[in-house]
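Observations on the three-dimensional arrangement
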Amino acid sequence: MECKKTAPIGVFDSGVGGLTVVREMIRQLPEENIVYFGDTARVPYGSKSQKTIIRFSEQIIRFLKTKQVKAIVIACNTASALALDAVRDEFDVPVMGVVIPGARAAVEATLNQKVGVVGTEATVQSGMYTKIIHEMNPQIQVIEKACPLFVPLVEEGFKEHVVTQEVIEYYLESLRDTDIDAMILGCTHYPLLRSRIKRYLGDKIQIVNPAYETAMDLKAVLEKQQMAHDGVSGRKSQYEFYVSDAAEKFRRFANTVMPFDVPETNVVNIEGY
Ligand code: DGL
């Protein structure tokens, strides 16, 4: 058992966005070691088919398993929505996604039973957020909206750019005019635009970031299965970063998101897994 407790958590995303989930995991689970994989060669997932997203997810999990991970977090909403059901039972470690925790957080947040969800084309088309929310509470009205341009704007460092404001208004005007009182940021990149989205939507809509609830769920799973790292005073947790392409670009971006200097990032030939 000791070996399992000190083993790392594997986390993956289609690119840099999943770092918003890692950031939250580090806040809530500071003792855990983490191995992150960002599929920078094949991003975006949001415009790809379910078959492809399942294949990518399986390859990445096989790679993370070579790092002896004790659990896997699919930080990508698109892969969580389209691949989690297919891969969950295929591997001998717990695999969890961000959609169920995110849906639960929204169900808890809404007071008038009207929830908005923004995400990639693939996530919205899957209807997975609506399905999971309705399993938790069938009375809740859910409005989903794809906002595909948010991803490249974040990736290109346009967070503060005037163009981003126009895109926010273009996508979110119709949601702002409804009476939803909670909105899920159903894509890992969107929390990086949170303050601008919040400013545009105003105080009547509560913004839900699935990362917080995902880290809480992970903590519960690790404790239940007696796999949580016990922690040793003075020890520093280990964080490793892997990508499928453009390691230096990833590292520069990661340094703007993570609370520490991101170490060397290694390129993996993920098609070989
Ligand atoms: N990481 C993806 C997600 O959370 C967004 C980017 C993409 O389309 O790959 O859905």
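This text gives an overview of the structure that appears in the document. What you see is a predicted model; the values in this text were computed from it and never measured.

**Concerning the pattern of salt bridges**
Enumeration according to the criterion identifies 15 salt bridges in this entry. Where Glu213 meets Arg104, a salt bridge forms, and the shortest distance between an N and an O atom there is 3.2 Å. Taken together, the positions of Glu213 in helix H11 (residues 210-224) and Arg104 in helix H5 (residues 99-109) put the pair 109 residues apart, joining distant regions of the chain. Where Arg251 meets Glu248, a salt bridge forms, and the shortest distance between an N and an O atom there is 3.3 Å. Of this pair, Arg251 and Glu248 are both found in helix H12 (residues 247-257), three residues apart, which corresponds to roughly one turn of the helix. Given a relative accessible area of 24%, Arg251 falls into the partly exposed group. Three or more residues are tied together by salt bridges with common partners; here these are Asp39, Arg42, Arg55 and Glu271.

**Side note on the packing of aromatic side chains**
What the rule picks out here adds up to twelve aromatic pairs. A ring pair is formed by Phe150 and Tyr190, whose centres lie 5.1 Å apart and whose planes are at 85°; its orientation type is edge-to-face. Of this pair, Phe150 sits in helix H8 (residues 150-155) while Tyr190 sits in the loop between strand E7 (182-186) and helix H10 (194-201), and the two are 40 residues apart along the sequence. By way of ring pairs, the aromatic residues Tyr36, Tyr239, Phe241, Phe250 and Phe260 are connected into one cluster. A cation sits over an aromatic face here: Arg42 above Phe56, 3.7 Å from the ring centre.

**Here we look at the sheet that holds strand E3 (residues 71-74)**
Ordered in space as E4-E3-E1-E2-E9-E10, the six strands form an open sheet in which the pairing is parallel. Since the sheet does not close on itself, it has two edges, and those belong to strand E4 (95-96) and strand E10 (265-267), each with one partner. Across three bridges, the pairing between strand E9 (residues 239-243) and E10 is parallel. Each bridged residue has a counterpart across the sheet, and for Phe241 the counterpart in E10 is Thr265. Across the sheet, helix H3 (residues 50-65) touches strand E1 (9-13), strand E2 (34-38), E3, E4 and E9, and the angle it forms with E1 is around 150°. Sheet strands in contact with H12 are E2, E9 and E10, and its direction is about 150° off that of E10.

**Notes on helix H2 (residues 19-28)**
Within H2, eight of the ten residues are buried, which leaves it mostly tucked inside the rest of the structure. Turning to H2, its buried residues number three or more, namely Leu19, Thr20, Val21, Val22, Glu24, Met25, Ile26 and Gln28. The inward-facing, buried residues of H2 contact E1, E2, E3, H11, E9 and H12.

**Section: the packing of H3 against helix H4 (residues 77-87)**
Interaxial distance between H3 and H4 falls to 9 Å at its minimum, and their mutual angle equals 70°. Viewed along their axes, H3 and H4 adopt a mutual orientation that is roughly perpendicular. Facing H3, whose interface residues are Gln50, Ile53, Ile54, Ser57, Glu58 and Ile61, H4 presents Thr78, Ala79, Leu82, Ala83, Ala86 and Val87. Looking at the contact of H3 with H4, its residues break down into eight nonpolar, three polar and one charged.

**Remarks on the site of the ligand**
Taken together, 14 residues lie near the ligand, and Asp13, Ser14, Tyr45, Thr78 and Thr188 sit nearest. At a separation of 2.6 Å, an oxygen atom of the ligand approaches a polar backbone atom of Tyr45. Contacts to the ligand include Asn77, whose backbone N or O atom sits 3.0 Å from an oxygen atom. A breakdown of the residues in the shell around the ligand according to their chemical character gives six nonpolar, seven polar and one charged.

**Considering unusual backbone geometry**
Cis geometry is found at the peptide bond from Val43 to Pro44, where omega equals 0°. For Pro44, the location among the structural elements is in the loop between E2 and H3. Phi is positive for Gln68, which is not a glycine, with a value near 55°. With respect to the helices, strands and loops of the structure, Gln68 is situated in the loop between H3 and E3.

**Remarks on the sheet that holds E7**
Within the open sheet, the four strands sit side by side as E6-E5-E7-E8. Their pairing is parallel. A strand with exactly one partner marks an edge of an open sheet, and here the two such strands are strand E6 (141-146) and strand E8 (206-208). Adjacent strand axes in the sheet meet at a mean angle of 20°, parallel and antiparallel pairs treated alike. In terms of strand pairing, strand E5 (residues 114-119) meets E7 through five bridges, oriented parallel. When the bridges of E7 are listed, Val115 appears paired with Ala182. With respect to the sheet, helix H9 (residues 162-176) is in contact with E5, E6 and E7, its orientation differing from that of E6 by roughly 170°.

The rules behind the values
- Numbering of residues starts from 1 in each chain and follows the order in which that chain's sequence is written.
- Given that the model is predicted, a residue must reach a pLDDT of at least 70 before its local features are reported, and side-chain atom pairs must reach 80 or more before they are shown or counted; all residues, however, enter totals for whole chains, interfaces and linings.
- As a rule here, side-chain values come from all non-hydrogen atoms in the structure, and water together with hydrogens is ignored.
- Salt bridges are identified by distance alone: a Lys or Arg side-chain nitrogen within 4 Å of an Asp or Glu carboxyl oxygen.
- Segments assigned H or I by DSSP are reported as helices when at least four residues long, segments assigned E as strands when at least two residues long, and all are numbered from the N terminus.
- Burial classes: relative accessible area under 20% of the type maximum marks a residue as buried, over 50% as exposed, and values in between as partly exposed (1.4 Å probe, protein chains only).
- Only the six-membered ring of Trp is used, alongside the rings of Phe and Tyr, when aromatic pairs are assigned; centres must lie within 6.5 Å, and planes under 30 degrees apart are stacked while those over 60 apart are edge-to-face, with the rest tilted.
- Here, a charge over a ring is recorded when the distance from Lys NZ or Arg CZ to the ring centre is within 6 Å and its angle to the ring normal is within 35 degrees.
- In this scheme, strands are said to pair when DSSP sees at least two bridges between them.
- Contact criterion: two residues are considered in contact whenever any of their non-hydrogen atoms come within 4.5 Å of each other.
- What counts as an axis is a line fitted to C-alpha atoms, over the stretch in contact for a helix, and the angles between N-to-C directions run from 0 to 180 degrees.
- Orientation labels follow simple angle bins: below 35 degrees gives roughly parallel, above 145 gives roughly antiparallel, 65 to 115 gives roughly perpendicular, and whatever is left gives oblique.
- Residues are grouped as follows: Ala, Val, Leu, Ile, Met, Phe, Trp, Tyr, Cys and Pro are nonpolar; Asp, Glu, Lys and Arg are charged; all remaining types, including Gly, are polar.
- Definition of nearness: a residue and a molecule or strand are near each other if at least one heavy atom of the residue lies within 4 Å of the molecule or strand.
- Pairs of N or O atoms are called polar contacts if they sit within 3.5 Å, as long as, within protein, a hydrogen donor faces a hydrogen acceptor (for residues adjacent in sequence, only side-chain-to-side-chain pairs).

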